[in-house]
Amino acid sequence: MSAVETVLAPPTVRRHGGGLRVDSLDIRAEGRGRSERIVRDLTFDLAPGAALGIVGESGSGKSLTAKAIIGLLPANVLATGIIEFDGKSLLDATEPELRAVRGATIALVMQDPFTMLHPLQRVGATITESLVPEVRRDRERARNEVVRRLAEVGLDPSVAARRTFELSGGMRQRVGIAAALAKDPALLIADEPTTALDASTQSDVLALLGGIQRARGMSLVLITHDLGVAFGVCDRILVMYAGSLMELGAARDLRDDAQHPYTRALMRAAPPITHVLERFDPIPGNVPRPGTVESQCPFAARCEFAVDTCRTVRPEPIAVTPGHGVACLRLDAVRASLRRSDGATLLRVEEPQAAPDVARVSGLTKSYRRNAARPAIDGVSFSIGEGEALGLVGGTGSGKSTIARCMMGLATADSGEIVVGGLDVSDFAGLTIAQRREAYRTEQMVFQDPYASLNPKLSIGAALTEALEIRGGGRTEVPELLERVGLPAEYATRMPHTLSGGERQRVAIARALAIRPRILICDEPVAALDVSVQAQILELLRTTQAEQGMSMLFITHDLAVVRQMTTRLLVCHNGVIVEEGPTERVLDHPEHRYTRQLRAAVDTSRSPEEERLA
Amino acid sequence: MSRLAEARAGAPRRSLRRVPISIVVAAATALVFLFLAVFGTLVAPYDPDLQDLALGVAPPSAAHWLGTDQLGRDVFSRLIVATGPALAGPIVVAIATVLVGASLGLLAGYFGGRTDDIISRVADLIWSLPGLLVAIVVIGVLQGGLWLTVAVIAFISSPHAIRQTRSATLAQIGLPYVAAARTMGLSDVRIVVRHLLPNVRATVITTAMLDFVTAILVFAALAFLRIGVEPGAANWGTMLADGQTLITVNLAVIAAPAIAIVAVAASITVIGDWGHERATGEAGR
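From a predicted model like this one, the values you see are computed outputs, not experimental measurements.

The rules behind the values
- Residues numbered from 1 in each chain as written.
- Chains lettered and ligands numbered in written order.
- Predicted model: local features only at pLDDT ≥ 70, side-chain atom pairs only at ≥ 80, totals over all residues.
- Heavy atoms only, no water.
- Helix = DSSP H or I, 4+ residues; strand = E, 2+ residues; numbered from the N terminus.
- Rg over C-alpha atoms; globule rule 2.2 N^0.38 Å.
- Buried < 20%, exposed > 50% of the residue type's maximum accessible area, 1.4 Å probe, protein only.
- Contact = heavy atoms within 4.5 Å.
- Pairing = 2+ DSSP bridges.
- Axes fitted to C-alpha atoms, helices over the stretch in contact; angles between N-to-C directions.
- Phe/Tyr/Trp six-rings, centres within 6.5 Å; stacked < 30°, edge-to-face > 60°.
- Lys NZ or Arg CZ within 6 Å of the ring centre and 35° of its normal.
- pLDDT = per-residue confidence, 0-100.
- Buried area = accessible area lost by both parts, 1.4 Å probe.
- Salt bridge = Lys/Arg side-chain N within 4 Å of Asp/Glu carboxyl O.
- Polar contact = N/O pair within 3.5 Å; in protein donor to acceptor, adjacent residues only side chain to side chain.
- Nonpolar A, V, L, I, M, F, W, Y, C, P; charged D, E, K, R; others polar.
- Parallel < 35°, antiparallel > 145°, perpendicular 65-115°, else oblique.
- Left-handed = near helix turned anticlockwise from the far one by under 90°.
- Expected span 1.5 Å × (residues − 1).
- Bend = angle between axes of the 7 residues up to and from the residue.
- Domains from an automatic or database assignment.
- Arc of directions from axis to C-beta.

Undergrad: Even after reading the chapter, I still don't get the overall build of chain A, so can you show me in this structure?
TA: When you go through chain A residue by residue, the secondary structure sums to 22 helices and 22 strands. Here the C-alpha atoms of chain A give a radius of gyration of 26 Å, agreeing with the 25 Å that 2.2 N^0.38 yields for 614 residues. Across its three principal directions, the C-alpha atoms of chain A cover 70 × 65 × 50 Å. When each of the 614 residues of chain A is scored for burial, the buried share is 55%. In chain A, the share of contacts with a sequence separation of at least 24, taken over all contacts with a separation of at least 6, comes to 67%.

Undergrad: Sorry, what's going on with the sheet that holds strand 12 (residues 324-326) of chain A here?
TA: Either a parallel or an antiparallel arrangement is found when strands of a sheet pair, and the pairing is made through backbone hydrogen bonds. Residue and element names in this part refer to chain A. Spatial ordering of the open sheet is given by 6-7-8-3-9-10-12-11, a layout of 8 strands whose pairing is mixed. Strand pairing shows two members of the sheet lacking a second neighbour, strand 6 (106-109) and strand 11 (318-321), which therefore form its edges. Direction aside, neighbouring strands of the sheet carry axes that sit 20° apart on average. In the sheet, strand 9 (residues 236-241) pairs with strand 10 (residues 244-250) via 6 bridges, with the strands oriented antiparallel. Note that in strand 10 the partner of tyrosine 241 across the bridge is serine 244. Relative to the sheet, helix 11 (residues 261-269) contacts strand 9 and strand 10, its axis offset from that of strand 9 by approximately 95°.

Undergrad: What should I look at first to understand the sheet that holds strand 14 (residues 377-385) of chain A in this one?
TA: Residue and element names in this part refer to chain A. With respect to topology, 4 strands assemble into an open sheet ordered 14-13-16-17, the strand pairing being antiparallel. In the strand order of this sheet, the two ends are held by strand 14 and strand 17 (423-424), each with one partner. Of the strand pairs in this sheet, strand 16 (residues 415-420) and strand 17 are connected by 2 bridges, and their pairing is antiparallel. The residue of strand 17 that forms the bridge with valine 420 is leucine 423.

Undergrad: For this particular structure, what's the right way to read the packing of aromatic side chains?
TA: Think of a pair of aromatic rings as described by two things: how far the centres are apart, and how the planes are tilted against each other in angle. Overall, the coordinates contain 8 aromatic pairs over all chains when judged by the stated rule. Note on Tyr110(B) and Phe111(B): the rings are 4.9 Å apart at their centroids and 80° apart in plane angle, and the pair reads as edge-to-face. Assessed through its relative accessible area of 43%, Phe111(B) is described here as partly exposed. Through pairs of rings, three or more aromatic residues link up here, namely Tyr241(A), Tyr262(A) and Phe299(A). Just above the ring of Tyr491(A) sits the side chain of Arg494(A); from NZ or CZ to the centre is 4.4 Å. The ring of Trp127(B) carries Arg163(B) above its face, with NZ or CZ at 4.6 Å from the centroid.

Undergrad: Can you walk me through the confidence of the model for chain B in this structure?
TA: Reading predicted coordinates in detail is not appropriate for stretches of low pLDDT. Residues and elements named next belong to chain B. Overall, the predicted model of chain B reaches an average pLDDT of 85, with 92% of residues at or above 70. Looking across chain B, the model is least confident in helix 1 (residues 2-10), with a mean pLDDT of 38, and most confident in helix 4 (residues 113-128), with 94. Confidence over residues 1-15 falls short of pLDDT 50; this stretch has 21 contacts with residues more than four positions distant or in other chains. Complex prediction metrics read pTM 0.79 and ipTM 0.76.

Undergrad: Quick question: what am I supposed to make of the interface of chain B and chain A here?
TA: Put simply, an interface is often sized by how much accessible area is lost when its parts join up. Taken residue by residue, the interface counts 25 residues in chain B and 29 residues in chain A. Taking both sides of the interface into account, the surface hidden between chain B and chain A amounts to around 2500 Å²; carbon and sulfur atoms contribute 58%. Counting across the interface, chain B meets chain A through 3 salt bridges. In this structure, Arg190(B) engages Glu469(A) in a salt bridge whose closest nitrogen and oxygen atoms are separated by 3.7 Å. The tally of links from chain B across to chain A stands at 8 residue pairs in polar contact (both at pLDDT 80 or more). Among the secondary structure elements, those contributing two or more residues to the side of chain B that touches chain A are helix 1, helix 7 (176-182) and helix 8 (188-224) of chain B. A per-class count over the side of chain B that touches chain A returns 11 nonpolar, 7 polar and 7 charged.

Undergrad: I would appreciate a short explanation of the pattern of salt bridges in the present structure.
TA: Where charged atoms from two side chains of opposite charge come close, those side chains can pair. Residue and element names in this part refer to chain A. According to the stated counting rule, one finds 38 salt bridges over all chains in the structure shown. Among the ionic pairs, arginine 289 bridges to glutamate 36, the shortest N-O distance being 2.7 Å. Of this pair, arginine 289 sits in the loop between helix 11 and strand 11 while glutamate 36 sits in strand 2 (residues 34-46), and the two are 253 residues apart along the sequence. Since its relative accessible area comes to 52%, arginine 289 is described here as exposed. Among the ionic pairs, aspartate 588 bridges to arginine 599, the shortest N-O distance being 3.8 Å. Pair noted here: aspartate 588 is in helix 20 (residues 583-588) and arginine 599 is in helix 21 (residues 593-603), with a separation of 11 residues, a long-range link. For arginine 599, a relative accessible area of 13% gives the class buried. Connected via shared salt-bridge partners are Glu145, Arg148, Arg149, Glu152, Asp184 and Arg216.

Undergrad: How should the packing of helix 8 of chain B against helix 9 (residues 236-243) of chain B be read in this particular structure?
TA: Geometry of a packed helix pair, given as the angle between the helix axes and the separation of the axes. All names here are of chain B. Axis separation between helix 8 and helix 9 bottoms out at 7 Å; the angle between their running directions is 45°. As summarised for this structure, helix 8 and helix 9 are arranged oblique, according to the angle between their axes. Here the hand of the crossing between helix 8 and helix 9 comes out right-handed. Counting all contacts with helix 8, which are made through Ala220, Ala223 and Phe224, the residues of helix 9 involved are Gly237, Thr238, Leu240 and Ala241. Tallied by class, the residues present in the contact of helix 8 with helix 9 amount to 5 nonpolar, 2 polar and no charged.

Undergrad: Looking at this model, I keep getting lost on helix 8 of chain B. Mind explaining?
TA: Counting along an α-helix, one turn takes 3.6 residues, and residues three or four places apart therefore face a common direction. If you check helix 8 of chain B, its first and last C-alpha atoms are just 46 Å apart, much less than what 37 residues at 1.5 Å a residue would give, namely 54 Å. Of all the bends in helix 8 of chain B, the largest measures some 55° and sits at Leu197(B), one to four residues before the proline Pro198(B).

Undergrad: Would you mind going over the domain arrangement of chain A with me for this structure?
TA: Segmenting chain A into domains produces domain 1 (3-105 + 185-339), domain 2 (113-182) and domain 3 (357-608). Taking only C-alpha atoms, the centre of domain 2 of chain A and the centre of domain 3 of chain A are 39 Å apart.

Undergrad: Explanation requested: helix 6 (residues 139-152) of chain A in the structure shown.
TA: Residues and elements named next belong to chain A. The end-to-end C-alpha distance of helix 6, which contains 14 residues, comes to 20 Å, matching closely the 20 Å that a straight helix rising 1.5 Å per residue would cover. Where helix 6 is concerned, the buried positions are Ala142, Glu145, Val146, Arg149 and Leu150. Buried positions in helix 6, seen along its axis, are confined to an arc of 135° and lie on one side of it. Facing away from the buried side of helix 6 by over 90 degrees, the exposed positions are Arg148 and Ala151.

Undergrad: Looking at this model, I keep getting lost on unusual backbone geometry. Mind explaining?
TA: Residue and element names in this part refer to chain A. Look at aspartate 41: it is not a glycine, yet its phi comes out positive at around 50°. Inspection of the secondary structure puts aspartate 41 in strand 2. Even without being glycine, glutamate 192 reaches a positive phi, approximately 45°. Tracing the backbone shows glutamate 192 in the loop between strand 7 (187-191) and helix 8 (199-216). By relative accessible area, which is 7% here, glutamate 192 ends up buried.

Undergrad: Mind showing me how you'd approach the packing of helix 5 (residues 131-142) of chain B against helix 8 of chain B here?
TA: All names here are of chain B. Viewed as axis vectors pointing N to C, helix 5 and helix 8 meet at an angle of 50°, and their least axial separation amounts to 11 Å. Regarding the angle of helix 5 to helix 8, the classification is oblique. For the pair helix 5 and helix 8, the crossing hand works out as right-handed. Facing helix 5, whose interface residues are Leu132, Ala135, Ile136 and Ile139, helix 8 presents Val218, Ala221 and Leu222. The residue inventory of the contact of helix 5 with helix 8, partitioned by class, reads 7 nonpolar, no polar and no charged.

Here you go:
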């Protein structure tokens, strides 16, 4: 405990309050006669006017910590310990007292800008509602205030008259921030504020948040799963894993000298945009439930440095330098390894070879509504060579998923031609059953959401058997298939809901591979997975693609991922392919304005590893 | 079959400890009536049709727990023996409704378009008919018995099953696992039977239970009006009608069948609701 306190000496001058102290915070879920500890013994503080990033994967307890601060824990979840805000205890506060604090001195920005605003209210009304009563009652003042607030978040005054559904995701999140700031809180808690946004919008909103925080001298707690995001905005960073503090320190210290094996593994797991990794460096295994790792290091099972004591003793945070605490028993071993290694492997990518086409798309156009302002995709043409890994990047609404859906016959194009393996599949409804089967033996798809792409009522074995039967195989091949995607054969009897997201995605990949397709279409296959698990799936996809000589259409919003996975790249914007070429060339020397914009957005939140190499 | 067994083996064991007391009571009530329905003639203390005109209507006594009716017949025995016919009709209605309704609902939901239009509009048309009135007219005019009654009630309650199954199907159809099944080149029949049906099963079963409850009430109402019933046979609905003039002497003549009807309807409704909540709660994970 004392070690942690010395770690956390507040460095900033107090401007107008906003200091937060959290000490020995435990959060438990009670219910059904059991109690599970979700957050354990968490201690940190936040100086007035500082920005703290809480970084963690799903199940790390980061969002519950935020909810505990603002007193919005679900009914069966209890927090104990100390949470003090400007010297006042928040855990002991009554509901009316908390209500006076919420919004006024501590405000919250939520993750999903698409559902957090009243869908029918005008933006002006949304912001006015949050203003302090004196201003709100005076119409003239309220109107001026709304204009001023919109300007602060970079929106035009005319936005005040618009309704939520007329705004883009980025604009909605700006409105959300403006509403949260309306009472001039001393502390703003932002829970994954940019996760639902496009890469380029994401960097704008983050820059805005950081700018406002500094300009106002307001305290900020930014909750995110993305270390890069936290580096970009925060002074200090707290890394959580399975309900426990792993590492806490100044952003600069963590960037350049992260010491906890988990923090380091997280950084390595995020692929770089500047070069292609020879091998991904995934963290093996899955995130454990906090309750199962109560009296040990939560990361022990996945840690390369773990020894027996890690599995029996819970590490307390130790100050490695003033202000930098690490909860690890094996710090010496970790440091020793740092001195030894650190030669990143660079892989030169060969120029893509011209190969005969397996699939060709030409002049593909599709509108979802008859009178849509512009079609979802508009005259898209490309081809995929035998054994080629083709990337397709673009933001939300760029039409990239529509292309995949049309190719797979899940949507029918208005016009244009799709030829897959010599078969014209432009109109699946017009194909005979035999032709349709033939098409699906040629092309298979891996979907984004592994939580919904497996039938919940079908065991893993049954699902895979069904796919194997299409190729004339059967149940006997299931163990081999599971092994190929890195799962034990016993998984055949399991039901999907007993598997983690990463494991489910492996099953979904196995199901597609069972059919031995010539083209695998992957639509954002890792977007729904935890950061530490993503690299596992990418590695699996990349090696199978190479080993089988299979073609792949890899759809993603993530430029760093597409660099690792593909040799040729298409950039899709507003339903049009705006740039096309070898992945290396497109990413390093983008020609189109939109590609440059995407690339620039990534550069602002690069990890230090890449910066060193660049 | 083996695949089904495989699927079950992986399913989590449901613990019986968390069954709420209301469900235990409802299940016990339903089981008692089910037992009476099957073994009623063996359990009944008297022949239900045995008349004792000398005794006539009498209040409950040690010999006749629920008293006797105007012909001196034992009300308790008549109540028990009537359980079988009272449940048999509605059970057949529920099964028929769900077989037809679930199939049509699945088809409408899965294929959409023209198929959906036709099925849904016909369902709406049937829905708009005043059910009880149609039943009275059709059964009355055709002088039908039990089976015509079953057919008519099944017909008028089928839109409920169609709509419920259709909307449950629509909720599933957009999920990627259905798209994945399509892109494996599986036949429509296989997708509907193997992938969709298990995932809408909870809705189908609940619908069947609610249709059963509706049918019990409609059967009783028709019997009360002496439509579609055999004169003289023990029947909850006719007992209610006959008992109206006797309440001052023996309240049980009318109270017993009324309570029986309510008890069966309520217990099945409670069980159905609970089962649906559990099933959909689990599917949501």
